[in-house]
2 protein chains.
Amino acid sequence: MMTSTDLDALMTDLGQRARKAARILALTPSAAKDKALRAAAQAIRIDTKLILAANAKDMEAGEAKGLSKAMLDRLMLNPARVEAMAKGLEDIARLPDPVGRSLAEWTRPNGMSIARIAVPLGVIGIIYESRPNVTADAAALCLKSGNATILRGGSESFHSSQAILTALKGGFTACGLPADAVQMVPTTDRAAVGVMLRLSNYIDVIVPRGGKSLVERVVAESRIPLFQHLEGICHTYVDGSADLEMAKTIVLNAKMRRTGICGATETLLVDRACAGTHLAPLVAMLIDAGCEVRGDAVAQAADARVIPASDADWSTEYLDAIISVGVVDGVGAAVEHINTHGSHHTEAIVAEDSQVAETFLNGCDSAIVLWNASTQFADGGEFGMGAEIGISTGKMHARGPVGVEQLCTFKYVVKGNGQVRPG
Amino acid sequence: MMTSTDLDALMTDLGQRARKAARILALTPSAAKDKALRAAAQAIRIDTKLILAANAKDMEAGEAKGLSKAMLDRLMLNPARVEAMAKGLEDIARLPDPVGRSLAEWTRPNGMSIARIAVPLGVIGIIYESRPNVTADAAALCLKSGNATILRGGSESFHSSQAILTALKGGFTACGLPADAVQMVPTTDRAAVGVMLRLSNYIDVIVPRGGKSLVERVVAESRIPLFQHLEGICHTYVDGSADLEMAKTIVLNAKMRRTGICGATETLLVDRACAGTHLAPLVAMLIDAGCEVRGDAVAQAADARVIPASDADWSTEYLDAIISVGVVDGVGAAVEHINTHGSHHTEAIVAEDSQVAETFLNGCDSAIVLWNASTQFADGGEFGMGAEIGISTGKMHARGPVGVEQLCTFKYVVKGNGQVRPG
């Protein structure tokens, strides 16, 4: 354990280095950034053995510590996963440069031209848990968007992350980028996170990537703006006008394609108008596919295998093969339910009636709303935005997928020929 | 003083009412919002006498309390200022509706269409000090952008703000808008601000409008994202390539047109390359215009009336007829000085050399950068954005002028015909 004075000095030094690197990265041309990303990919490939050896250390410690099977799987690297990391960097290199885009341009009556130009945010702090690949993904997305990164990985993945960082830094500096373009907090001391969250002079935005307790801690302590993703309590509403076959296809995919992702549907709402025809087949399909169904009284009546839902079920992110199913009185009640119990992430309606669909799309106060498509599309890649650093459930700056464009801010560039303000 | 339990209950009630109103406002058509704004303008005109009587009470208390002349002037209303408030509401009614704009649209290979649509932020909390007109301006900008507002005015302007609020509410409800579209914290208890800053379930963004100590308190305590404007330490840099006459015109306007606004230049930097020809005339002009000049050694040598600048002068927002003047070694040193000592608000360069200008515009990490124009243009109205709720010096969401478009967030609206995610 470091003293708090030492920790403050260490973190301030990290912050100052990052700020300095950020000023250089902001002015680095696209080609230089892309070359550095490809060099980092190669460095990761070359370092595969070192990375796997470091990961073996983390895995051993994790097993000794009694980490769950799911956590160990997230922690584990193998040659295929290392190669996927390298390929991920090359994919990011191929994205268009988000920096320097003109977002709007206009000319004032006095002849001044004004342009809103995308520029990097500056320094981005990433606080994450066991997945070591976040080290490469997050640093690469930040670099592509001209930002410096300060990474704070989980203690479980410390050695793996350090090995990945070494490869990244090697690739970046070989191409002339500053060594401090990406840095990692060099201690697993939990107090370092607290210090990091108060470094508002040096860090422009914090991205917490991890479970609910990590995010809650960051939200409570941070003095720095966040890209926050608390949870994904996503809904699919089957309207009375829905085609049953389409509803079945969408609901099955939305719930069961992958149950552990944030865009998985956690609650199915069925319009009372079609409950008689649609509810039983939907419920039976889910149960037959291996999903536990927790339902209201109507859902329970529709299938004997349905378990009674408790109040808490309507606000639970299961991330598992479990779904809550309820019957509502039309689209208005569905919207009301979603705005009350949801997490403002992603909601879908299945309906043939376009007016009902509009009511749903306008009424749900969520980052993503879909009509006749699966909630599992809630993903930057599926949106065509390239890789993402996460899905934001906040409303400020970025909402929904946070890709390289969302890692930028903008400035106003005004050009005149001597104009002064009258009056 | 209320007990903290009472205060929590009171503020939670306010928040819940605001959230409910926000859901209605988000779906209210443009014409209905604009009609309500015009009705509120008329109500303010009709209530002029009541508003002035309430203001007289505040002025009397303010004088008894020994408020400064400047504060009393900010607090004071007269018939012309009341009429300006009413006209301000009508101006806002005439702005285009920012809600529902399509910010981007594309189609995926699987046929799904995706649109990024502007929607209101939700509930906006405004914490302000003595200017009672903020009550009308802020509430109107929020309403225009479909948001509900919770106002927390200064205790000095309490009666004036209440009278203005009554008129606004009268206008809004007469047009069928919810009474809770705009609410005011009904107590001057300072603890209410602390409670408000933790109401993250009900308030989406906080706008502090006031002096540095108010903003610092809000930054330190808020659990809610902010549109933050700490200070405007703005610079004008006169490059070696600058035309002296243009430099004089711009510098005089940038410093002296109005010294109390955040876009006023506080530091003049002169390129050493032209110090011999440009520095003395610029300094003499400022002093002759009644400005106190605090300079470095070179500036002191240029004019005997220059006072030595202390270290603190380079990071001071004077908001007065005072300027710090220093000589720097070219555009690189100017950018370095500005990024180190400035507040990331607004900076101008006077130069004929376009490459030097590009270096400056790209290098300054500020919300607004100008080439051959006065820093006093840093204003939403001057940018053609209509009225503004403030100038943000933060980088997240809104940077620079915060107008009705910046009071919106967006959602992704996805339309399909049964698409599910493969794999």
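Residues numbered from 1 in each chain as written. Chains lettered and ligands numbered in written order. Predicted model: local features only at pLDDT ≥ 70, side-chain atom pairs only at ≥ 80, totals over all residues. Heavy atoms only, no water.

- The name UniProt gives chain A is Gamma-glutamyl phosphate reductase, with Paramagnetospirillum magneticum as the organism.
- Note on chain A: under the UniProt heading Function, the record states "Catalyzes the NADPH-dependent reduction of L-glutamate 5-phosphate into L-glutamate 5-semialdehyde and phosphate. The product spontaneously undergoes cyclization to form 1-pyrroline-5-carboxylate."
- The UniProt entry for chain A carries this comment under Sequence similarities: "Belongs to the gamma-glutamyl phosphate reductase family." (UniProt positions renumbered as here; feature names shortened; annotations may be inferred.)

1. Description of the overall build of chain A
(1) Moving on: A count of helices and strands for chain A gives 14 helices and 16 strands.
(2) Moving on: For 423 residues, the compact-globule estimate of 2.2 N^0.38 gives 22 Å, and chain A sits close to it at 24 Å.
(3) Moving on: Taking the principal axes of the C-alpha coordinates as reference, chain A spans close to 70 × 65 × 40 Å.
(4) Moving on: Counting contacts in chain A only where the partners sit at least 6 residues apart, residues at least 24 apart contribute 72% of the total.
(5) Moving on: Between the centroid of the 41 positive side chains of chain A and the centroid of its 47 negative side chains there is a distance of 10 Å. (Helix = DSSP H or I, 4+ residues; strand = E, 2+ residues; numbered from the N terminus. Rg over C-alpha atoms; globule rule 2.2 N^0.38 Å. Contact = heavy atoms within 4.5 Å. Lys, Arg positive; Asp, Glu negative; His and termini not counted. Charge placed at Lys NZ, Arg CZ, Asp CG, Glu CD.)

2. Things to note about the sheet that holds strand β5 (residues 182-184) of chain B
Residues and elements named next belong to chain B.
(1) Moving on: One open sheet holds the four strands; their spatial order is β5-β4-β3-β6, and the pairing between them is parallel. Two strands lie at the open edges of the sheet, namely β5 and β6 (205-209), each paired on one side alone. With strand direction ignored, the average angle separating the axes of adjacent strands in the sheet is 20 degrees.
(2) Moving on: As paired strands, strand β3 (residues 123-128) and β6 are joined by five bridges and run parallel to one another. Within β6, the position partnered with G125 by the bridge is I206.
(3) Moving on: The strands touched by helix α7 (residues 158-174) are β3, β4 (148-152) and β5; relative to β5, the strand with the most contacts, the crossing angle is about 155 degrees.
(4) Moving on: Seen against the sheet, helix α9 (residues 212-221) touches β3 and β6 and runs at an angle of roughly 160 degrees to β6. (Pairing = 2+ DSSP bridges. Axes fitted to C-alpha atoms, helices over the stretch in contact; angles between N-to-C directions.)

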